[in-house]
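One-letter residues, chain by chain:
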Amino acid sequence: VQLQASGGGLVQTGGSLRLSCAVSGGIFSMLVMSWYRQAPGKQRELVASIGTGGVATGGDTNYAESVKGRFSISRDNAKSTVALQMNSLKLEDTAVYYCNAARWPTTVWGQGTQVTVSS
């Protein structure tokens, strides 16, 4: 399984960005997909995840408290992609964002994409 993340960049506080992660080499619909982030000097943390579910784009979602109501994770099983829509961005959202694919016992990481929020 290979993951290719894109969509990071520089945005002002209150702005929006949409991250996308394209997955190849696996059965996408069977993968639990997540976004993590790592800010300088901090540990990598889970931002959002979406389960496999039973429908084309479905699956239970889970969010870090700090992003609830601002971020939204979605998946498109037909296109083998997962997206993270980030709204009302804050300075503390600045980090490298990583896409993650998991199916027990294996987990695969993407290369990371930088998100910088400026005032």
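Structure shown above.
What you see is a predicted model; the values in this text were computed from it and never measured. (Residues numbered from 1 in each chain as written. Predicted model: local features only at pLDDT ≥ 70, side-chain atom pairs only at ≥ 80, totals over all residues. Heavy atoms only, no water.)

**Q** Is there a simple way to explain the pattern of salt bridges in this structure?
**A** Pairing between side chains of opposite charge can happen when the charged atoms of each approach one another. Per the stated rule, a full pass over the model turns up four salt bridges. Note that E65 is salt-bridged to K68, the shortest N-O span being 2.7 Å. The partly exposed category is assigned to K68, whose relative accessible area is 44%. (Salt bridge = Lys/Arg side-chain N within 4 Å of Asp/Glu carboxyl O. Buried < 20%, exposed > 50% of the residue type's maximum accessible area, 1.4 Å probe, protein only.)

**Q** Quick question: what am I supposed to make of the state of the cysteines here?
**A** The bond known as a disulfide is covalent and runs between the sulfur atoms of two cysteines. Enumeration according to the criterion identifies one disulfide in this entry. In this model, C21 is linked to C99 through a disulfide, with the two sulfur atoms separated by 2.2 Å. Its torsion about the S-S bond being -90 degrees, the disulfide of C21 and C99 is classed as left-handed. Taken together, the positions of C21 in strand β3 (residues 17–24) and C99 in strand β9 (residues 95–103) put the pair 78 residues apart, joining distant regions of the chain. Side by side, C21 and C99 carry an identical accessibility label, which is buried. (Disulfide = S-S within 2.5 Å. Helix = DSSP H or I, 4+ residues; strand = E, 2+ residues; numbered from the N terminus.)

**Q** Sorry, what's going on with the packing of aromatic side chains here?
**A** For any pair of aromatic rings, geometry is given as the distance between the ring centres together with the angle between the planes. Throughout the structure, instances matching the rule amount to two aromatic pairs. Summarising the aromatic geometry, the rings of Y36 and W109 are spaced 4.8 Å apart at their centres and angled 65 degrees between planes, so their arrangement reads as edge-to-face. One end of the pair, Y36, is in strand β4 (residues 32–38); the other, W109, is in strand β10 (residues 106–109), with 73 residues separating them in the sequence. Overall, the relative accessible area of 22% leaves Y36 in the partly exposed class. For W109, a relative accessible area of 36% gives the class partly exposed. Consider the rings of Y98 and W109, whose centres lie 6.4 Å apart with planes at 90 degrees: the pair is edge-to-face. Pair noted here: Y98 is in strand β9 and W109 is in strand β10, with a separation of 11 residues, a long-range link. Just above the ring of W109 sits the side chain of R44; from NZ or CZ to the centre is 4.5 Å. The ring of F28 carries the charged tip of R75 above its face, separated from the ring centre by 4.5 Å. (Phe/Tyr/Trp six-rings, centres within 6.5 Å; stacked < 30°, edge-to-face > 60°. Lys NZ or Arg CZ within 6 Å of the ring centre and 35° of its normal.)

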